[in-house]
Amino acid sequence: RKEVEQDPGPFNVPEGATVAFNCTYSNSASQSFFWYRQDCRKEPKLLMSVYSSGNEDGRFTAQLNRASQYISLLIRDSKLSDSATYLCVPENYGQNFVFGPGTRLSVLP
Amino acid sequence: DAGVIQSPRHEVTEMGQEVTLRCKPISGHDYLFWYRQTMMRGLELLIYFNNNVPIDDSGMPEDRFSAKMPNASFSTLKIQPSEPRDSAVYFCASSRGGAPMGYTFGSGTRLTVV
């Protein structure tokens, strides 16, 4: 099993839609989890951290399910500007990140 | 803060030439990471430093790759000799406290080896 697995997509959704991505991880020792966003030909940028109790930031909600070892990202009321690749990132034994392959989202007008 | 600064932004070189990529981390950050990104393999960790000391270089593909961090404000990634399969975007990232605190990435160096 790969360390981090994500559906590569693309997810093509209309503006205003709600879309959700899941990400599974294999390292049960991971304590910190993040979602990064990467625009085309740009660097990854931190979107949000994922806590055991979940985390909400405006239209974005991230949740962690330790028992099943996955994290999720929910985007409500999608905007054209949300089009990007979303990278799931569990930390690796407190030292470094293993990035998932990313899920590509295209929000269509 | 200017963020993580990488140079050059683009590099085109001929096979067999030496390539040096540079990175200036955010002041005060004690961890520095070098990643490589390709369509086929995604983001791969090459090496990371803590307080200028290399901690894990297991991701360095082969002896042609080397990285140094002579001080807290500067790091280099060198490829000698370069090969076409080294073509990728190379990102430098830094953080204070390592992975649990999240990373800030530089804009990357797009390397093309012809």
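Thresholds applied
- Residues numbered from 1 in each chain as written.
- Chains lettered and ligands numbered in written order.
- Predicted model: local features only at pLDDT ≥ 70, side-chain atom pairs only at ≥ 80, totals over all residues.
- Heavy atoms only, no water.
- Helix = DSSP H or I, 4+ residues; strand = E, 2+ residues; numbered from the N terminus.
- Rg over C-alpha atoms; globule rule 2.2 N^0.38 Å.
- Buried < 20%, exposed > 50% of the residue type's maximum accessible area, 1.4 Å probe, protein only.
- Contact = heavy atoms within 4.5 Å.
- Areas by Shrake-Rupley, 256 points an atom, 1.4 Å probe, with all protein chains shown as cover.
- Lys, Arg positive; Asp, Glu negative; His and termini not counted.
- Charge placed at Lys NZ, Arg CZ, Asp CG, Glu CD.
- 1 Å grid on protein atoms, 1.4 Å probe; cavity = no way out; pocket = protein on both sides within 12 Å on 5 of 7 lines; lining within 4 Å.
- Points joined across faces, edges and corners; volume = space filled by probe spheres on them.
- Nonpolar A, V, L, I, M, F, W, Y, C, P; charged D, E, K, R; others polar.
- Buried area = accessible area lost by both parts, 1.4 Å probe.
- Salt bridge = Lys/Arg side-chain N within 4 Å of Asp/Glu carboxyl O.
- Core = buried A, V, L, I, M, F, W, Y, C linked by side-chain atoms within 4.5 Å.
- Phe/Tyr/Trp six-rings, centres within 6.5 Å; stacked < 30°, edge-to-face > 60°.
- Polar contact = N/O pair within 3.5 Å; in protein donor to acceptor, adjacent residues only side chain to side chain.
- Pairing = 2+ DSSP bridges.
- Axes fitted to C-alpha atoms, helices over the stretch in contact; angles between N-to-C directions.

Q: Mind showing me how you'd approach the overall build of chain A here?
A: Within chain A, the regular secondary structure consists of 0 helices and 11 strands. Overall, chain A shows an N-to-C arrangement of helices and strands of β-β-β-β-β-β-β-β-β-β-β. Relative to a compact globule of 109 residues, whose C-alpha radius of gyration would be 13 Å, chain A shows 13 Å and is just as compact. Taken along its principal axes, the extent of the C-alpha atoms in chain A is 40 × 30 × 20 Å. Every one of the 109 residues in chain A was classed for burial, and the buried ones make up 48%. Of the contacts formed within chain A by residues at least 6 apart in sequence, a portion of 57% connects residues at least 24 apart. Only carbon and sulfur atoms are counted for the fraction: they give 47% of the accessible area of chain A, which is about 5400 Å². The positive charge centre, built from 11 side chains, and the negative charge centre, built from 11, are 3 Å apart in chain A.

Q: Help me out: how do you make sense of the layout of surface pockets in this one?
A: Any empty space left between atoms is shown by rolling a water-sized probe over those atoms. For the largest pocket, the calculated volume is near 1400 Å³. Along the walls of the largest pocket sit 48 residues, with P101 of chain A together with Q37, T38, G42 and L43 of chain B positioned nearest its centre. Broken down by secondary-structure element, the contributors of at least two residues to the lining of the largest pocket are strand 1 (4-6), strand 9 (84-92), strand 10 (96-97) and strand 11 (103-108) of chain A together with strand 4 (31-38), strand 5 (42-50), strand 9 (88-95) and strand 11 (109-113) of chain B. Residues belonging to the lining of the largest pocket are distributed by class as follows: 19 nonpolar, 18 polar and 11 charged.

Q: How should the interface of chain B and chain A be read in this particular structure?
A: Where interface size is given, it is often the accessible area lost as the parts come together that is meant. With 18 residues of chain B in contact, the opposing surface of chain A contributes 15 residues. Between chain B and chain A, a total of about 1400 Å² is buried, with carbon and sulfur atoms accounting for 54% of that surface. Viewed at the interface, chain A and chain B are joined by 0 salt bridges. In terms of residue count, strand 4 of chain B provides more of the side of chain B that touches chain A than any other element does, 4 residues in total.

Q: In this structure, what is going on with the nonpolar core? I would like to understand it.
A: Note that soluble globular proteins tend to have their nonpolar side chains buried in a common cluster. Counting residues in hydrophobic clusters, the biggest one holds 22 residues, and the most contacted among them are F21, W35, I71, L73, I75, Y86 and L105 of chain A. For this core, the elements supplying multiple residues, two or more each, are strand 3 (19-25), strand 4 (33-38), strand 5 (44-50), strand 7 (60-65), strand 8 (70-75), strand 9 and strand 11 of chain A. Element by element, the count of residues in this core is highest for strand 3 of chain A, at 4 residues. In contact with I71 of chain A, other than residues within four places in its own chain, are F21, N22, C23, Y25, F33, F34, W35, V50, Q63, L64 and C88 of chain A. Among the nonpolar cores identified, the runner-up in size contains 21 residues, and V4, I26, F65 and C92 of chain B belong to it.

Q: Just checking my understanding: could you explain the packing of aromatic side chains for this structure?
A: By convention here, two paired aromatic rings are described through the distance between centres and the angle between planes. Residues and elements named next belong to chain A. According to the stated counting rule, one finds 20 aromatic pairs over all chains in the structure shown. Relative to Y86, the ring of F21 has its centre 5.5 Å away and its plane inclined at 35°; by these criteria the two rings are tilted. On the criterion of sequence distance, the pair formed by F21 in strand 3 and Y86 in strand 9 is long-range, its members being 65 residues apart. As far as the burial class goes, F21 and Y86 line up, both buried. Relative to F33, the ring of Y25 lies with its centre 4.8 Å away and its plane at 50°, an arrangement referred to as tilted.

Q: How do you make sense of the environment of D30 of chain B when you look at a structure like this?
A: Residue and element names in this part refer to chain B. With respect to the element layout, D30 can be found in the loop between strand 3 (19-24) and strand 4. Relative accessible area serves as the criterion here: at 24%, D30 is assigned to the partly exposed category. As for D30 and F65, which are separated by 35 residues in sequence, their C-alpha atoms are 22 Å apart. What D30 contacts, discounting residues up to four positions off in sequence, is F49, N50, N51, S95, R96, G97 and G98. At 2.8 Å, the side chain of D30 and the backbone nitrogen of G97 are in polar contact.

Q: Would you explain the side chain of S30 of chain A in this entry?
A: All names here are of chain A. Its place among the elements puts S30 in the loop between strand 3 and strand 4. Residue S30 is classed as buried on the basis of its relative accessible area of 1%. Sequence-distant contacts of S30, defined by excluding residues within four places in its chain, comprise R66, P90 and E91.

Q: In this structure, what is going on with the sheet that holds strand 7 of chain A? I would like to understand it.
A: In any sheet, the strands associate via hydrogen bonds between backbone groups, in a parallel or an antiparallel arrangement. All names here are of chain A. As summarised here, the arrangement of the 5 strands in space is 1-3-8-7-6, forming an open sheet in which the pairing is antiparallel. One side of each edge strand has no neighbouring strand; the edge strands of this open sheet are strand 1 and strand 6 (55-57). In this sheet, adjacent strand axes meet at a mean angle of 15° when their direction is disregarded. Pairing of strand 3 with strand 8, which is carried by 6 bridges, proceeds in the antiparallel orientation. Within strand 8, the residue paired with A20 across the bridge is L74.

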